[in-house]
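Here is what each chain is made of, one letter per residue.
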Amino acid sequence: KQMATFARGLDTNTDFRIGLMLGHGPDNRKHPGYKHGTLFQVSSSDPAVIDFSKELKACGKGKSARECAINRVVKALERKMRALPTDHSEAQGEALMLSLYDAAEDANLRRGIMKQGLFRKDAVLSIIPISDEQDVCFSDIETSGMYEKKNCPQNEGESDADYRRR
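Residues numbered from 1 in each chain as written. Predicted model: local features only at pLDDT ≥ 70, side-chain atom pairs only at ≥ 80, totals over all residues. Heavy atoms only, no water.

Undergrad: What am I meant to see in the packing of helix α4 (residues 96–105) against helix α5 (residues 107–116) here?
TA: The description of two helices packed together rests on the angle between their axes and the distance between the axes. α5 packs onto α4 with a crossing angle of 90° between their chain directions and a minimal axis gap of 5 Å. Relative to α5, the element α4 is oriented roughly perpendicular. In this structure, α4 contributes Asp102, Ala103, Ala104 and Glu105 to the contact, and α5 contributes Ala107, Leu109, Arg110 and Ile113. Tallied by class, the residues present in the contact of α4 with α5 amount to five nonpolar, no polar and three charged. (Axes fitted to C-alpha atoms, helices over the stretch in contact; angles between N-to-C directions. Helix = DSSP H or I, 4+ residues; strand = E, 2+ residues; numbered from the N terminus. Parallel < 35°, antiparallel > 145°, perpendicular 65-115°, else oblique. Contact = heavy atoms within 4.5 Å. Nonpolar A, V, L, I, M, F, W, Y, C, P; charged D, E, K, R; others polar.)

Undergrad: It is not clear to me how the nonpolar core should be interpreted in this structure. Could you clarify?
TA: A general feature of soluble globular proteins is that nonpolar side chains tend to end up buried together. The biggest cluster of nonpolar side chains holds 14 residues, and the ones touching the most others in it are Phe16, Ile18, Ile50, Phe52, Ile70 and Val73. For this core, the secondary-structure elements that each account for two or more residues are α1 (2–9) and α3 (65–82). The contact partners of Ile50, leaving out residues within four places of it in the chain, are Phe16, Arg17, Ile18, Val73, Ala76, Leu77 and Lys80. (Core = buried A, V, L, I, M, F, W, Y, C linked by side-chain atoms within 4.5 Å. Buried < 20%, exposed > 50% of the residue type's maximum accessible area, 1.4 Å probe, protein only.)

Undergrad: Explain a nonpolar patch on the surface to me, please; I cannot follow it from the model alone.
TA: A surface patch of nonpolar side chains, amounting to about 490 Å² of accessible area, comprises Phe6, Met81, Leu84, Ile128 and Ile130. Relative accessible area serves as the criterion here: at 57%, Ile128 is assigned to the exposed category. (Patch = residues over 30% accessible without salt bridge, like charges linked within 9 Å, V, L, I, M, F, W, Y side chains within 5 Å. Areas by Shrake-Rupley, 256 points an atom, 1.4 Å probe, with all protein chains shown as cover. Salt bridge = Lys/Arg side-chain N within 4 Å of Asp/Glu carboxyl O.)

Undergrad: It is not clear to me how the pattern of salt bridges should be interpreted in this structure. Could you clarify?
TA: Oppositely charged side chains can form a pair if their charged atoms are brought close together. For the structure on display, the rule yields five salt bridges. When the shortest N-O distance is used, the salt bridge between Arg8 and Glu67 registers 2.5 Å. Taken together, the residues Arg8 in helix α1 and Glu67 in helix α3 connect sequence positions 59 residues apart. Among the residues examined, Arg8 registers a relative accessible area of 40% and is labelled partly exposed. Take Glu67: its relative accessible area is 31%, and that puts it in the partly exposed class. Among the ionic pairs, Arg82 bridges to Glu78, the shortest N-O distance being 3.9 Å. Of this pair, Arg82 and Glu78 both sit in helix α3, separated by four residues, roughly a single helical turn. Look at Arg82 and you get exposed, because its relative accessible area is 69%. Its relative accessible area of 32% is what places Glu78 among the partly exposed residues.

Undergrad: Looking at this structure, I do not really get the state of the cysteines. What am I missing?
TA: Here a disulfide denotes a covalent bond joining the sulfur atom of one cysteine to the sulfur atom of another. Tallying each qualifying case throughout the model produces one disulfide. Residue Cys59 pairs covalently with Cys68 via a disulfide, S to S 2.1 Å. Between Cys59 and Cys68, the S-S dihedral sits near -70°, and the bridge is therefore left-handed. (Disulfide = S-S within 2.5 Å.)

Undergrad: Is there a simple way to explain the confidence of the model for the protein in this structure?
TA: A low pLDDT score tells you not to read the predicted coordinates there in detail. With 73% of its residues at a pLDDT of 70 or more, the protein has an overall mean of 80. By mean pLDDT, helix α6 (residues 160–165) is the weakest element of the protein at 50, and strand β2 (residues 49–51) is the strongest at 97. Considering only residues more than four positions removed or in separate chains, one finds that residues 145–151, a stretch of pLDDT under 50, has nine contacts. (pLDDT = per-residue confidence, 0-100.)

If you want it as structure tokens, here you go:
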């Protein structure tokens, strides 16, 4: 419901795309590379990127085409949200910032997302994190040493408080 309200509130000339990135943690021995830093697809036939302009084209022309496209985008996003897999990494689905950071910093992950059409040179990227818990890379209290460098993108020896001030 809220996604439809959000989409309806965008300027009518906005061409938007939506990609769903899970907050699954990085590689571990039991689950190497499982979904971390990638766009989620329910199946191989599910598009990694929900493209409003493609949906608008599929809805044809006319007064109701925009509303039809918004409804199709929302339905596709809801399908993804209902099929979220369990995270078996140590992060347990709350490493959203790390997943995004690695997707942007790792050349292979970044190329994959560019190829899928979400990261584009001709478009502004807006990120809306959705979670039911605090990200494992964030703390509102001093937790120096709690997270190793491999889990959060901060400099070695830097406290969480120092990292947040950057």
